[in-house]
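Topology and contacts: notes
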Amino acid sequence: METWKKKICLIGSDGVGKTSIIIRYTQGTFSNSYLMTLGCDFYEIEKKSLQNNKEINLGLVVWDIASQRNFEKIRSHYLQHANLVIIVVDVNRLEPKNFIEPWITDVKANSPPNCPYIIVVNKSDLIDLKDLQKSIEDLEKIYKNTKIFYSSAKSGENIDSIFNYIADFLINEIDEK
Ligand SMILES: Nc1nc2c(ncn2[C@@H]2O[C@H](COP(=O)(O)OP(=O)(O)OP(=O)(O)O)[C@@H](O)[C@H]2O)c(=O)[nH]1
Ligand SMILES: [Mg+2]
């Protein structure tokens, strides 16, 4: 059996639900109270997969990175050697210019060249996505080459899908090498 270790970074503006997403996925729980992340927290995920009769053990280390301005300097170090970055956005704060573009700039500046990233629009429980049709169409148009998920750490919607997608993506990438 082969074991692969991959580094995943969770980034995005303050309070969008980065910590809640990873806690929901690893512990199956959710809390309404807000405890801002300081610095960086780490979570480990193990995924097993069978690829061409070969068993692959995928170890994901998820870095949950603080969003505050004070951490700007350190944050750039955290993105080094990332294998994939998750950019989290709050469904009620979707403007790309303020809540997505700065993070893409961050990824491009500080993670390895061509590091893949996905966008997760979180807190989908707070609003009927149909009421956001225009913003979502715009988003899908601007980021047509980027995988976008609509999730809720509160209800659990699509949380598993995010990590299943990442595991499949990374395993296929390994396979192609
Ligand atoms: N309704 C709803 N609330 C959420 C969801 N995800 C997170 N929250 C709430 O949003 C607040 C912030 O969540 P966090 O997970 O701490 O956000 P964060 O992105 O880690 O914030 P920082 O660590 O400061 O960068 C908390 O009060 C959570 O309960 C969600 O899917 N739905
Ligand atoms: Mg946090």
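In the block above lies the structure referred to throughout.
Please read all numbers here as calculations on a predicted model, not as lab measurements. (Residues numbered from 1 in each chain as written. Chains lettered and ligands numbered in written order. Predicted model: local features only at pLDDT ≥ 70, side-chain atom pairs only at ≥ 80, totals over all residues.)

Of the regular secondary structure elements, the protein holds 6 helices and 6 strands. Order of helices (α) and strands (β) in the protein, N terminus to C terminus: β-α-β-β-α-β-α-α-β-α-β-α. A compact globule built from 177 residues should have a C-alpha radius of gyration of about 16 Å, and the protein, at 16 Å, falls within 12% of that. Counting only C-alpha atoms, the protein reaches 45 × 35 × 35 Å along its principal axes. For the protein, the residues scored as buried account for 29% of the 177 residues in total. Partitioning the intrachain contacts of the protein with sequence separation of at least 6 by distance along the chain shows that 74% fall at a separation of at least 24. (Helix = DSSP H or I, 4+ residues; strand = E, 2+ residues; numbered from the N terminus. Rg over C-alpha atoms; globule rule 2.2 N^0.38 Å. Buried ≥ 20, exposed ≤ 12 C-beta atoms within 10 Å, placed from the backbone. Contact = placed C-beta atoms within 7 Å.)

By nearness alone, 23 residues border ligand 1, and G17, T19, S20, Y34 and T37 come closest of all. Counting residues per element, the shell around ligand 1 draws most heavily on helix α1 (residues 18–27), which supplies 3 residues. When grouped by side-chain class, the residues that make up the shell around ligand 1 number 6 nonpolar, 12 polar and 5 charged. (Near = placed C-beta within 6 Å. Nonpolar A, V, L, I, M, F, W, Y, C, P; charged D, E, K, R; others polar.)

A word on the sheet that holds strand β2 (residues 40–51). Taken in spatial order, the 6 strands line up as β2-β3-β1-β4-β5-β6 in an open sheet, and their pairing is mixed. Two strands close off the open sheet at either side, each with one partner strand: β2 and β6 (148–150). In this sheet, adjacent strand axes meet at a mean angle of 25° when their direction is disregarded. (Pairing = 2+ DSSP bridges. Axes fitted to C-alpha atoms, helices over the stretch in contact; angles between N-to-C directions.)

Below, the discussion takes up unusual backbone geometry. Unlike most non-glycine residues, N114 shows phi in positive territory, near 60°. Turning to its location among the elements, N114 is positioned in the loop between α4 (101–110) and β5 (117–122). Despite not being glycine, K123 shows a phi value in the positive range, around 75°. Considering the arrangement of structural elements, one finds K123 in the loop between β5 and α5 (133–142).

The biggest cluster of nonpolar side chains holds 33 residues, and the ones touching the most others in it are C9, L10, V85, I87 and V88. Top element by residues in this core is strand β4 (residues 84–90). It accounts for 6 residues. Discounting chain neighbours no more than four positions away, the residues touching V85 are C9, I11, L79, V107, S111, C115 and Y117. (Core = buried A, V, L, I, M, F, W, Y, C linked by C-beta atoms within 7 Å.)

The next thing to look at is the pairing of β2. Looking at chain direction, β2 and strand β3 (residues 54–65) are connected through 12 bridges and run antiparallel. Counted as the bridge partner of I45 is L60 from β3. What sits between β2 and β3 in their antiparallel hairpin is a turn of 2 residues, with N52 showing a positive phi close to 50°.

Before going further, it helps to examine the environment of N145. The topology assignment puts N145 in the loop between α5 and β6. Given 5 C-beta atoms within 10 Å, N145 falls into the exposed group. Taking C-alpha positions, N145 is 17 Å from D168, a pair spaced 23 residues apart along the chain.

For β4, the tally of buried residues reaches 6 of 7 residues, placing the bulk of the element in the interior. Two elements, strand β1 (residues 2–12) and β4, share 5 bridges in a ladder whose sense is parallel. Each residue of the ladder has a partner; that of I11, found in β4, is I87. By the bridge criterion, 6 bridges tie β4 to β5 in an arrangement that is parallel.

Position of V121 among the secondary structure elements: in strand β5. Since 27 C-beta atoms lie within 10 Å of it, V121 is described here as buried. Each C-alpha atom of the pair V121 and R75 lies 21 Å from the other, and the pair is 46 residues apart in sequence. Not counting residues within four places of it along the chain, the set of residues in contact with V121 comprises V89, V91, L94, I148, F149 and Y150.

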